[in-house]
Amino acid sequence: MTGAPAEAVGVDVGGTKIAAVRVTAGGAVPVRARCATPRGTAAELVAAVAGLVERVRGERVAAVGVGLPGMVDARTGALAFAPGLEFARAPLRELIEDAVGLPVVTDNDANVAAWAEYRRGAGRGHEHLVLVTLGTGLGCGVVVGGRLLHGARGFAAEASHLTVDPGGVRCECGNLGCWGAAASGAAIARLGGSTAREHPDSPLARLTGGGRTDAGAAVTAAARGGDDRALAILDRIGTLTGVGLAALANLFDPAVVIVGGGPVAAGELLLAPARAEFARRLYSPGDRPPVPVVAAGFADDAGAVGAALLALDRLR
Ligand SMILES: [Zn+2]
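Residues numbered from 1 in each chain as written. Predicted model: local features only at pLDDT ≥ 70, side-chain atom pairs only at ≥ 80, totals over all residues.

Brief notes about helix α10 (residues 302-315)
Stated formally: Strands here mean DSSP runs of E at least two residues long; helices mean DSSP runs of H or I at least four residues long; both are numbered from the N terminus. In this analysis, the expected span of each helix is defined as 1.5 Å times one less than the number of residues it contains. Residues are called buried when their C-beta atom has 20 or more other C-beta atoms within 10 Å, exposed when it has 12 or fewer, and partly exposed otherwise; all C-beta atoms are positioned from the backbone. With C-beta atoms placed from the backbone, a contact is any residue pair whose C-beta atoms sit within 7 Å.
For α10, spanning 14 residues, the distance from its first C-alpha to its last is 20 Å, which sits close to the expected 20 Å at 1.5 Å a residue. Counting buried positions over the 14 residues of α10 gives 11, a clear majority of the element. Looking only at α10, the buried set comprises A302, G303, A304, V305, G306, A307, A308, L309, L310, A311 and L312. Buried-residue contacts for α10 involve β1 (7-13), β2 (17-23), β4 (61-68), β7 (104-108), α3 (109-120) and β11 (256-260).

Structure (structure tokens):
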């Protein structure tokens, strides 16, 4: 393998599943694997990650990147906190390095997704960008001057707890109206479920089985079919998304704002109200170049690919 360009494995640890990819020096993804996230100890998590790395690694793999669903200490690579997960506060970078025998980079899952967009996705060519992913919660990564913004400890860009709806729904952090509680994929599912139960004869209720099943995708399907209540949910979530995006743009002056995650499948039904609210709240828009709000270039594997690209970039 002398002279052969290095490859990396990227791993994305989610609340329910772990995804792994091998990424070549040219950015191709020749192999993928996934497994369920163990709900137990850090040792079980490390064993699951090491097992996936073994399944996808080739002889040129020289490093491993791991995206983690919580606060990652930028100095030690340890997981400082992950809501609801037993392996919170474990020195995961060290443990995974010992298990796989390769250099390991760990970072927050939204940070590595932002890195994927910066290097190979919708942010390519821009040195300053913001990524927000709408999922079970809301993730955020910020690239400033071609580097991920980490802050003093690695905990920067926790936009999920930005207040966008004072007096709104209760967040797992204890506060009311946090962005992640008000406008995540979970928020769409929650609103879809309650609306379906209140209006059992609506198209939305039929698509969700009367509100008994997960309503996130059903909201998009019903909205596409013209259901006013489903359209109103996406309009509401899009508007609250725009509130938060404008706050981030006013703070960081990005060249592009990227929105990822499952709900982006709704396309303009979600993005148009987000852009409208963003434009209303961006400071002095007539005196700056347009700040496009665009859908992410990556779908499901942004985190794993971004983690691998970050590991490759650290090798260089
Ligand atoms: Zn919160």
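What follows continues from the structure just given.
Things to note about the sheet that holds strand β10 (residues 147-148)
To keep things clear, this is the line we draw: Whether two strands pair depends on DSSP finding at least two bridges between them. To obtain each axis, a line is fitted to C-alpha atoms, and for helices this fit is confined to the stretch in contact; angles are then taken between N-to-C directions over 0 to 180 degrees.
Read from one edge of the open sheet, five strands run β10-β9-β8-β11-β12, paired in mixed fashion. Because the sheet does not close on itself, it has two edges, and the strands there are β10 and β12 (293-295). Helix α9 (residues 268-281) contacts β11 and β12 of the sheet and is inclined by roughly 160° relative to β12.

Quick look at the pairing of β4
Buried residues dominate β4, accounting for seven of its eight residues. Relative to β4, β1 runs parallel, the two being bridged by six bridges. What sits directly across from G10, in β4, is G65. Pairing between β4 and β7: five bridges, direction parallel. If you follow G65 over to β7, its bridge partner there is V105.

Concerning the nonpolar core
What counts here: By convention the nonpolar core is taken to be a set of buried residues drawn from Ala, Val, Leu, Ile, Met, Phe, Trp, Tyr and Cys and joined through C-beta atoms within 7 Å. Residue ranges assigned to each domain were obtained from an automatic or database domain assignment.
Ranked by size, the top nonpolar core spans 105 residues in total, and within it V11, A20, V49, V64, L131, V219 and A308 carry the most contacts. Ranked by residue count, the leading element in this core is helix α8 (residues 228-252), at 10 residues. Residues from two domains meet in this core; each of domain 1 (7-117 + 301-315) and domain 2 (126-295) gives at least three.

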